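Report on the structure
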Amino acid sequence: MKKKNKFLVGLASLTLAAALAGCGSKEESKGQAEAINENKIVVGVTSGPHEQIAEVAAKVAKENGLEVELKSFSDYVLPNTSLSEGDLDANSYQHEPFLDTFNKDHDTDLVTVGKTILNPMGIYSEKYKSFDDIPDGATFGLPNDPTNGARALFVLQEAGYIKLKDGADLTASIRDVEENKKNLKFIELEAAQIPKQLSEVDVAAINTNFALEAGINPKDDAILLESTDSPYVNYIVVRAENENDPTIKKFVEAYQSDEVRQFIEEEFKGSVIPSW
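Structure report, in brief. Treat the numbers as computed from the prediction; the structure is a model and nothing was measured. (Residues numbered from 1 in each chain as written. Predicted model: local features only at pLDDT ≥ 70, side-chain atom pairs only at ≥ 80, totals over all residues. Heavy atoms only, no water.)

**What about the sheet that holds strand 2 (residues 67-73)?**
- Across the sheet, five strands lie side by side as 2-1-3-13-4; this open sheet has mixed pairing. For this open sheet the edge positions go to strand 2 and strand 4 (110-115), each flanked by a neighbour on one side alone. On average, each strand axis in the sheet is inclined to that of its neighbour by 35°, with strand direction left out of account.
- In this structure, strand 3 (residues 90-95) lies alongside strand 13 (residues 234-239), joined through four bridges in antiparallel fashion. For His-95, the partnering residue across the bridge sits in strand 13 and is Asn-234.
- Most of the contacts of helix 9 (residues 246-255) go to strand 13, to which it runs at about 165°, and overall it touches strand 1 (40-46), strand 2, strand 3, strand 4 and strand 13. (Pairing = 2+ DSSP bridges. Helix = DSSP H or I, 4+ residues; strand = E, 2+ residues; numbered from the N terminus. Axes fitted to C-alpha atoms, helices over the stretch in contact; angles between N-to-C directions. Contact = heavy atoms within 4.5 Å.)

Have a look at this one:
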């Protein structure tokens, strides 16, 4: 009986040691998963201008010894979800108001590390060549996410067509519209789908990346265009623990290079503006 007890005790000790060793391995691999490879990073972008510009930044980074793998997304949520879950090392597609809302709604801790571009939001119509020509009671397609919906409202307010309640911030909604000179009927739509639905409304606000994908040029085609002092400048975003990572800094430097600036200015001719 004593020998059997000794055997069981020994077996239990070995099992516990193995379990502890296993836990240690998991913790180590977790730490390794969170660390950023100094020679390669994975960056999420939305298709369109962000992807095009990041491709140029990736070439500049490669010349400086950093390989950049780009992953393209077609919506605004997955690039942040993938970043927070560790599938990406960084992303480049969003402005700070959108990021603040995402962090609050998803209890994440994503931070900005470098300015990229301003995609001035445009107001478009297939039926009218001037906003003044738009009739009373016209339908207005508005992005249904809080930050870009508010952004469109501020473009309208800046142009004098609506007035928002005092204190309305960068997450203002149609409920904050206090004056509506043309009695616009706001219809909230998914931002990526608005270019396809432009013919179904009288006028609509479209984000630049989706406009360009649809062959719409903000500089030439918009009947109203967001001013260049907009708070909606875009950023490179990372997890908080990687904010000061040297590999991330290397990518930011590549993005904010003269080569990338020149590409933006020549390719987009004012429809997309470098912001650094």
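That was the structure; now back to the text.
**Overview of the environment of Ser-257**
- Secondary-structure assignment places Ser-257 in the loop between helix 9 and helix 10 (258-268).
- On the basis of relative accessible area, Ser-257 is assigned to the buried category, the value being 9%.
- With 200 residues separating them in the primary sequence, Ser-257 and Ala-57 have C-alpha atoms 7.8 Å apart.
- Side-chain polar atoms of Ser-257 contact the backbone oxygen of Ala-254, separated by 2.7 Å. (Buried < 20%, exposed > 50% of the residue type's maximum accessible area, 1.4 Å probe, protein only. Polar contact = N/O pair within 3.5 Å; in protein donor to acceptor, adjacent residues only side chain to side chain.)

**Thoughts on the pattern of salt bridges**
- Following the criterion strictly, the structure yields four salt bridges and no others.
- The salt bridge partner of Lys-127 is Asp-202, with a shortest N-O separation of 3.3 Å. With Lys-127 in the loop between strand 6 (122-124) and strand 7 (139-143) and Asp-202 in the loop between helix 6 (194-197) and strand 11 (203-206), the pair connects residues that are 75 residues apart, well separated along the chain.
- Overall, the relative accessible area of 46% leaves Lys-127 in the partly exposed class.
- Among the residues examined, Asp-202 registers a relative accessible area of 14% and is labelled buried.
- Here Glu-241 ties to Arg-239 by a salt bridge, and the two come within 3.5 Å at their closest N and O atoms. (Salt bridge = Lys/Arg side-chain N within 4 Å of Asp/Glu carboxyl O.)

The analysis is restricted to geometry; functional conclusions fall outside its scope.
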